[in-house]
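Tertiary structure, described
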Amino acid sequence: MQEFLASLVSVAFHGVAYGMILYVISVGLSVTMGLMGFANLAHGVFAMAGGYILTTSLDHWGLPFPAALAVAFVLVAAGSVVLERLLYARLYAAGELAQVLFTIGLIFMATAIARLIYGTLQQPVHLPEGMKGQFDLLGRDFPAYRVFIILFGAALVAGLWFGVERTRFGAMVRAAVDNRAMAQSIGIDTQKLFMATFALGSGLAGLGGALGAEIIAIQPSYPFEHLVYFLIVVAVGGLGTLRGPFVAALVIGIADTACKYWVPQFGAFLIYVATILLLLWRPAGLFGRTA
Amino acid sequence: MRHNGSYSASPRIGLLEWLPWAIGVAAFFLMPEYLSLGARILIFILYALSLDLVVGYAGIVTLGHSAFFGLGAYAAGILSARFGVADPALQLLVAMTACALMGLATGAVILRTRGLTLLMLTLAIASILLEVANKATSITGGADGLSGIVVAPILGLFRFDLFGKTAYWLCLAVLFVGWWVTRRLIYSPFGASLVGIRENHVRMVAIGSPVPRRLLTAYTISAVLAGVAGALLTQTNQFVGLNVLSFESSGELLVMLILGGVGRIYGAFIGPVVYMIAQDMLAKQFPEYWSLGIGLLLVIIVLFARDGILGIIDRLVALTRKEAR
Amino acid sequence: MTAVLQTRGLCKRFGALTVADNIDFTLEAGARHALIGPNGAGKTTFVNLLTGRLSPSAGTVVLGGEDVTRLSQQERIRRGLGRTFQINSLFRGLSVVDNVSLAVAERRGVSGRLFRPASQLSEVRDEAMELLRSLGMADDAQVVIANLAYGKQRLVEIAITLAMKPRVLLLDEPAAGVPSLETHRILDVLDALPAEIGILIIEHDMDLVFRFAKRITILVNGATLLEGTPEEIAADPRVREVYLGERHE
Ligand SMILES: Nc1ncnc2c1ncn2[C@@H]1O[C@H](COP(=O)(O)OP(=O)(O)O)[C@@H](O)[C@H]1O
Ligand SMILES: [Mg+2]
């Protein structure tokens, strides 16, 4: 019994940390899909890029850890704006198939570039000394870095939600998600709004990829391998919401950790089945609005 | 060159449409050292054709078509390796049945959805099969792949030889049947209504068309065709690897199809030919540059030539006609 | 006179917004009935409720004496209910005659055939051509919709619906977006429709409404304000208020 409780706590802990990462990576995808209706399968590319930027800044540029995180966010956000203006923007009206193929093309390219620069091995993450140890709580050990992830993630989520609820930018995003034509007619520059939202969402993905580099290993097949999970978070949570993917990410983070711990022979099978059942019950996800 | 079945389109098979078959037969005699590549190309043409039916004609965007290809491949392989059934016709038949059931069961539930949800569901179903194939090692061989597959001579007469001659003819013959069936479907009233659904889903419902049933029929037929392709792959390779079920496999197939041209029948022929020959020449030596090039090509196609190689040819033909005048 | 289409206490709410408010409405056989009202009054929603594209929050829809409230769009279509869309809803990549043929084949119940070539069903195409000829559109039969002038697209919109041989026809702003010089063609088509079809037309062009309709219902904020003959409507002070009020906004 004691043993079981202990493993329960441990699964919950690691699950929440994993869920936080999933959320930070996926939230941008939910918002951009809700806002622009763009099926961006290449979202994981931004997360992977964030991870590579983190390891590079730590190992080669000698940046301290927090600065490396910030650089990951900024560079990925900036890069995504270039992509958005040059490429994505041409396909907003192009239909699902074109968007899907285009973003698969981006994945192929990103994968190849990652392999050319970094090789196929996964990138080691050299955490700062203070985060390497274990945290002692109620007689159990918790890896300090995961505690940091949870706290940092929670702060980020709070900031994000506050920002979207309270700022002018947030109000415009919400208006445009609700009804784009209406938003345009009251003078919101949707093109700029798309760009800013895309940058923020991609930047967050980069940050999430960097933050989670120790949990979701950074290697070239990252965007293909983890796409299903990012999409599950978005589809289960519902498009265009902040809360939906949060709940979905935590549930999936915990469920996935639990499955791998208790029934490893099933792998991700149960998660996929649960996702299918949920989407059949609620095609628009938990918090999405049914059309 | 577009093949849109409709009430005013003549279903006559044009002279040009025999060209692929002439090439297919000629290739056997002219390039005997490339027969195994040739057989793989034929298999992928069938696979791409099945995808064209759902994506190009019915307008269902799926990321999980590898589910059916893989299921067909594993059904044939398991039947032989685990149950000792070596008869190739029976293997094909079982693969078709399995895929028909799978197509019906999954299609019935997922085709009610659209957009991201549908994408997600197709991907999730393929992922489930991949996960099952990966974990059920005692049946599927897991990550090591399934070996020990035996294929008896076709009709008791034609033995599968080392050079892949029999396999090549088998693939060519099966593809021919698959092509004939698909073409027939596309030119039928059913095919015309699929195009209607692709063009305007809402209006099709509003003119009283049983849209969900039509889509389910198309999806199931396509599943069967993909399953046949998968089973053929098993028979020619006498091995099944996990990669037949992977998302990359579905993605690659989409690439081949759009490369040739979507919704045109023969795009599914040209795409795999070009892609796989290029892959054979380049991918081994320069794997990174290969996928970089594919990615770049895909982006360029989507941005500038969305109707693929055949679309470009169409436009060139139209241009020269204008010039000639 | 018999009612072919009737609603009783029809309500539709989108969240807090009531778009159909307890509508009792009757369409007689062979009627030429117009439904008018300001933008956002709920006219299109009402049509969607009739066709089953939307399901009502409360109330019933009766078609030809049968309660069809729970029936699907498809089942209502089979019972003779046809509609056109306010915003063109056509098969843009197909030719005009192919557009109409799809509907003809659906009505004839031959559209699900898997193997026989569609073009061998010459009766489908012949009927489609005949219909186009009667609408004065034979010359455009081979034109792909995307290359067709907007006014003509509106006619195709009507043609597709007529191909279903409806007993009741719901026309949602058939002349919307058509240059006023061309509306007479739409009116010609409407005038030539078989007398036994019951027609409900939604239209903003008052000339067209008063020339075509024998009966008019006014919808405001989802509720019927008034119903009567064109003369009664024209004379009613509340009507002017509604329309003048709208203009002030
Ligand atoms: N699906 C929907 N969800 C929410 N509100 C809707 C929906 N469809 C229509 N409405 C609202 O219902 C009202 C009536 O719309 P509509 O029936 O199109 O009016 P009309 O055709 O008379 O101009 C409008 O305020 C519109 O915004
Ligand atoms: Mg309207």
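For the structure, check the block above.
Every chain is numbered independently, its residues counted from 1 as its sequence is written. Starting at A for chains and at 1 for ligands, labels are handed out in the order in which the entities are written. Local features in this predicted model are restricted to residues of pLDDT 70 or higher, and side-chain atom pairs are both shown and tallied only at a pLDDT of 80 or more, whereas totals for entire chains, interfaces and linings draw on every residue. Calculated side-chain values reflect all of the structure's heavy atoms, with hydrogen atoms and water omitted.

**Here's the deal with the interface of chain A and chain B**
Cut-off, in case you're wondering: Residues are treated as being in contact if the distance between any of their heavy atoms lies within 4.5 Å. In the sections that follow, a salt bridge refers to a side-chain nitrogen of Lys or Arg positioned within 4 Å of a carboxyl oxygen of Asp or Glu. Polar contact is the term for a pair of N or O atoms within 3.5 Å; when the atoms are in protein, one must be able to donate a hydrogen and the other to accept it, and sequence-neighboring residues count only if both atoms are side-chain atoms. Numbering of helices and strands runs from the N terminus; a helix is a DSSP stretch of H or I covering at least four residues, while a strand is a stretch of E covering at least two. Residue classes follow a fixed rule: Ala, Val, Leu, Ile, Met, Phe, Trp, Tyr, Cys and Pro count as nonpolar, while Asp, Glu, Lys and Arg count as charged, and any other residue, Gly among them, counts as polar.
At the junction of the two partners, chain A supplies 42 residues and chain B supplies 40 residues. On the surface where chain A and chain B come into contact, there are zero salt bridges. At the surface where chain A touches chain B, the tally comes to three residue pairs in polar contact (both at pLDDT 80 or more). The element that contributes the greatest number of residues to the side of chain A that touches chain B is helix 4 (residues 96-118) of chain A, accounting for 15 residues. The class makeup of the residues in the side of chain A that touches chain B is 36 nonpolar, three polar and three charged.

**Regarding the site of ligand 1**
Residue and element names in this part refer to chain C. Defined as follows: Distances are taken per atom, and a residue is near a molecule or strand as soon as one of its heavy atoms is within 4 Å of it. Surface accessibility in these figures is a Shrake-Rupley result with a 1.4 Å probe; residues are shielded only by whichever protein chains are displayed.
Near ligand 1 the following residues occur: F14, L17, V19, P38, N39, G40, A41, G42, K43, T44 and T45. Here G42 contributes a backbone N or O atom positioned 2.9 Å from an oxygen atom of ligand 1. T44 places a polar side-chain atom, nitrogen or oxygen, 2.7 Å from an oxygen atom of ligand 1. In the complex, the protein chains occlude 58% of the 570 Å² of accessible area that ligand 1 would expose alone. Listed by contribution, the elements that provide at least two residues to the shell around ligand 1 are strand 2 (17-28) and helix 1 (43-51). Tallied by class, residues from the shell around ligand 1 come to five nonpolar, five polar and one charged.

**A short note on the coordination of the magnesium ion (ligand 2)**
All names here are of chain C. Note the threshold: Listed donors are limited to N, O and S atoms within 2.8 Å of the metal, widened to 3.2 Å for Na, K and Ca; water is not among them, so incomplete-looking sites are possible. Using a 1.4 Å probe on the protein chains alone, a residue whose accessible area is under 20% of its type maximum counts as buried, one over 50% counts as exposed, and one in between counts as partly exposed.
Every protein donor of the magnesium ion (ligand 2) is accounted for by T44 (OG1) and Q86 (OE1), and the metal-donor separations fall at 2.0 to 2.2 Å. Of this pair, T44 sits in helix 1 while Q86 is found in the loop between strand 6 (81-84) and helix 3 (96-108), placing the two residues 42 residues apart along the sequence. Residue T44 is classed as partly exposed on the basis of its relative accessible area, which comes to 26%. On the basis of relative accessible area, Q86 is assigned to the partly exposed category, the value being 26%.

**Here's the deal with the packing of aromatic side chains**
The line we're drawing: The pairing test for Phe, Tyr and Trp rings, Trp by its six-membered ring, is centres within 6.5 Å, and the orientation test on the planes gives stacked under 30 degrees, edge-to-face over 60, and tilted for anything in between.
Considering all chains together, one arrives at 36 aromatic pairs over all chains under this definition. Centre to centre, the rings of F46(A) and F198(A) are 5.9 Å apart; their planes meet at 90°, and the pair counts as edge-to-face. Taken together, the positions of F46(A) in helix 2 (residues 43-59) and F198(A) in helix 8 (residues 190-211) put the pair 152 residues apart, joining distant regions of the chain. F46(A) sits in the buried class, given a relative accessible area of 5%. Centre to centre, the rings of Y47(B) and F69(B) are 3.9 Å apart; their planes meet at 5°, and the pair counts as stacked.

**Description of the pairing of strand 4 (residues 58-63) of chain C**
Residue and element names in this part refer to chain C. What counts is decided by this rule: Two strands qualify as a pair provided DSSP detects at least 2 bridges between them.
Across five bridges, the pairing between strand 1 (residues 3-14) and strand 4 is antiparallel. Residue pairing for strand 4: L5 is matched across the bridge by L63. Bridge count between strand 4 and strand 5 (residues 66-67): two bridges; the pairing is antiparallel. For L63, the partnering residue across the bridge sits in strand 5 and is E66. The antiparallel hairpin formed by strand 4 and strand 5 contains two residues in its connecting segment, where G64 sits at a positive phi of about 55°.

**A look at the pattern of salt bridges**
Tallied over the full model, the rule gives 17 salt bridges over all chains. As a salt-bridge pair, R85(A) and E84(A) come within 2.9 Å of each other at their nearest N and O atoms. For E84(A), a relative accessible area of 0% corresponds to the buried category. One salt bridge in this structure joins D314(B) and R264(B), with 2.9 Å as the shortest N-O distance. Of this pair, D314(B) sits in helix 14 (residues 308-324) while R264(B) sits in the loop between helix 11 (247-260) and helix 12 (267-282); the two residues are 50 residues apart in sequence, bridging distant segments of the chain. Since its relative accessible area comes to 22%, D314(B) is described here as partly exposed. Among the charged side chains, a network of salt bridges with common partners joins R107(C), R108(C), E127(C) and K165(C).

**Examining empty space enclosed by the protein**
To find leftover empty space, a probe the size of one water molecule is rolled over the atoms. Quick reminder of the rule: We place a 1 Å grid over just the protein atoms. Points where a 1.4 Å probe fits but has no way out form a cavity, open points with protein on both sides within 12 Å along at least 5 of 7 lines form a pocket, and any residue with an atom within 4 Å of a point lines it. Grid points are joined across faces, edges and corners, and a volume is the space filled by probe spheres set on the points.
Applying the stated criterion across every chain yields a total of three cavities of 30 Å³ or more. Of the voids in this model, the largest cavity is the one considered here, and its volume is about 70 Å³. Along the walls of the largest cavity sit A206(B), T51(C), Q73(C), R76(C), I77(C), L81(C), G82(C), R83(C), T161(C) and M164(C), which together make up its complete lining. Grouping the constituent residues of the lining of the largest cavity by class yields four nonpolar, four polar and two charged.

So far we have only geometry, and geometry alone does not tell us how the molecule works.
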